[in-house]
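Okay, here's what each chain looks like letter by letter:
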Amino acid sequence: MDITVAVDAMGGDHGAHVTVPAALRFLRDNPDVNIVLVGLTEVIAAELAAQHAATDTRLRIHAATEVVTMDESPQSAMKNKKDSSMRVAINLVKSGQANACVSAGNTGALMATARFVLKTIPGIDRPAIAKLMPTMKGQTAMLDLGANVDSTPLQLTQFAIMGSAMFSALKHVDAPTVGLLNIGSEDIKGNEAVKEAAEMIRKTRLNFQGNIEGDDIYRGTVDVVACDGFTGNVALKTSEGLIKMITTFLKEEFTRNILTRCVALLALPLMNRFKKRLDPRRFNGASFLGLRGIVVKSHGGADEIAFYWALAQAVEEARSGMIQRITEQVQQELLHLNAAVEAAEA
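An unreviewed UniProt entry annotates the protein chain as Phosphate acyltransferase originating from Deefgea salmonis. Under the Catalytic activity (unreviewed entry) heading, UniProt states for the protein chain: "a fatty acyl-[ACP] + phosphate = an acyl phosphate + holo-[ACP]". You can read under Function (unreviewed entry) in the UniProt record for the protein chain the words "Catalyzes the reversible formation of acyl-phosphate (acyl-PO(4)) from acyl-[acyl-carrier-protein] (acyl-ACP). This enzyme utilizes acyl-ACP as fatty acyl donor, but not acyl-CoA."

Quick look at the structure:
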């Protein structure tokens, strides 16, 4: 099945200078994918010309007359820029002209616009930002990573359900293990929302492993890590900072003197493999789960390679039938949860 991706070509710190080359590279590597570049026609056309490329049956331009800036408020973007590249790209998903949307634009504006245009899946209060994270055992899905600073026990339960469905669809695992991020593994640890969420998740049919701690994320203790957006975002940004620090320290040590430079030369193949495994560009692309359509958020400062991987994430989600899987599992688990609560109260 051919997949069509609507790309907000104007979004991000670099706009069309990154999104267009990334789209061209992705098309060369994926013959069953079509891309719609959404944005200012003259800007996109100029970038295509600079890349010695042109539109064809697999690549077309869809005009939009406005651009949402990176520092613009979500309210302003929603109210004043109804023909922005971001909104038009999302509209293409709603109309069925595209299977997914990818944008490196303003996160708040993208979430607000996507929620307004696509609406949420029945049973989901708020969408969550989810991301596949590298671990010692493979990958784990983590959510929420910043969309919801405060989350109720029910919303945390919804995140766990959506994360389980996402991991199952993308990784072909029937019953992914789920953990609730906490300050300790004991049931008595954590704030009231987390304690209540743990009890609620236990009433679902998810493969719930209980509370996990921060170091469990990269150990790969569970397939899905559920948390509120405040905690998740802090954990994500801390991880990104740690990787930068480690790579900086290694570079400093290997360039300290002539001897260490010689050692670095010998270790170069190993270091290249190490760098590839931890390269954050390969894990670019966060999913807005809970919407009735696929929207993938690329990092605003993404380069061509990073945006390429965000496109790959969107295509994988479209091919996997992830939205349908989430919709079905949310309905089933919430019905089961309500029945369990009613039985306990009877």
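A. Geometry of the side chain of asparagine 284. Assignment of secondary structure puts asparagine 284 in the loop between α11 (268–278) and β10 (286–289). With relative accessibility at 7%, the residue asparagine 284 sits in the buried group. Of the polar contacts made by the side chain of asparagine 284, one reaches the backbone oxygen of alanine 306; its length is 2.8 Å. Excluding residues that lie within four positions of it along the chain, asparagine 284 makes contacts with Lys131, Ser298, His299, Ala302, Ala306, Phe307, Trp309 and Ala310.

B. Quick look at a nonpolar patch on the surface. A cluster of nonpolar side chains, contributed by Leu242, Met245, Ile246 and Phe249, occupies part of the molecular surface with about 350 Å² of accessible area. Judged by its relative accessible area of 38%, methionine 245 is partly exposed.

C. Structural view of the nonpolar core. In terms of nonpolar packing, the biggest core is built from 35 residues, with Ile90, Met142 and Phe288 touching the most fellow members. Elements that contribute at least two residues to this core include exactly β2 (33–39), α4 (85–95), α5 (107–118), β5 (128–135) and β10. Ignoring any residue separated from it by four or fewer positions in sequence, one finds isoleucine 90 in contact with Cys101, Leu110, Thr113, Ala114, Val117 and Leu118. Formed by 33 residues, the second largest nonpolar core is a distinct cluster that contains Ala141, Ala160, Met166 and Ala198.

Cut-offs applied
- By convention here, each chain's residues receive numbers from 1 onward along its written sequence.
- Only residues with pLDDT of at least 70 are given local features in this predicted model, and only at 80 or more are side-chain atom pairs given and counted; all residues enter the totals for whole chains, interfaces and linings.
- Hydrogens and water are ignored here; the side-chain numbers use all heavy atoms of the structure.
- UniProt positions are given in the numbering used here, feature names are shortened, and annotations may be inferred rather than shown by experiment.
- A run of H or I in DSSP becomes a helix once it reaches four residues, and a run of E becomes a strand once it reaches two; helices and strands are each numbered from the N terminus.
- Using a 1.4 Å probe on the protein chains alone, a residue whose accessible area is under 20% of its type maximum counts as buried, one over 50% counts as exposed, and one in between counts as partly exposed.
- Residues adjacent in sequence count toward polar contacts only when both atoms are side-chain atoms; beyond that, a polar contact is any pair of N or O atoms within 3.5 Å, and within protein one must be able to donate a hydrogen and the other to accept it.
- Whether two residues touch is decided by their heavy atoms; if any such pair falls within 4.5 Å, the residues are in contact.
- Patches draw on residues past 30% relative accessible area with no salt bridge. Two like charges within 9 Å are joined, as are two nonpolar side chains (Val, Leu, Ile, Met, Phe, Trp, Tyr) within 5 Å.
- Method for areas: the Shrake-Rupley scheme with a 1.4 Å probe, in which residue coverage is limited to the protein chains shown.
- The rule for a salt bridge is simple: a side-chain nitrogen of Lys or Arg has to be within 4 Å of a carboxyl oxygen of Asp or Glu.
- Put simply, buried Ala, Val, Leu, Ile, Met, Phe, Trp, Tyr and Cys residues joined by side-chain atoms within 4.5 Å make one nonpolar core.

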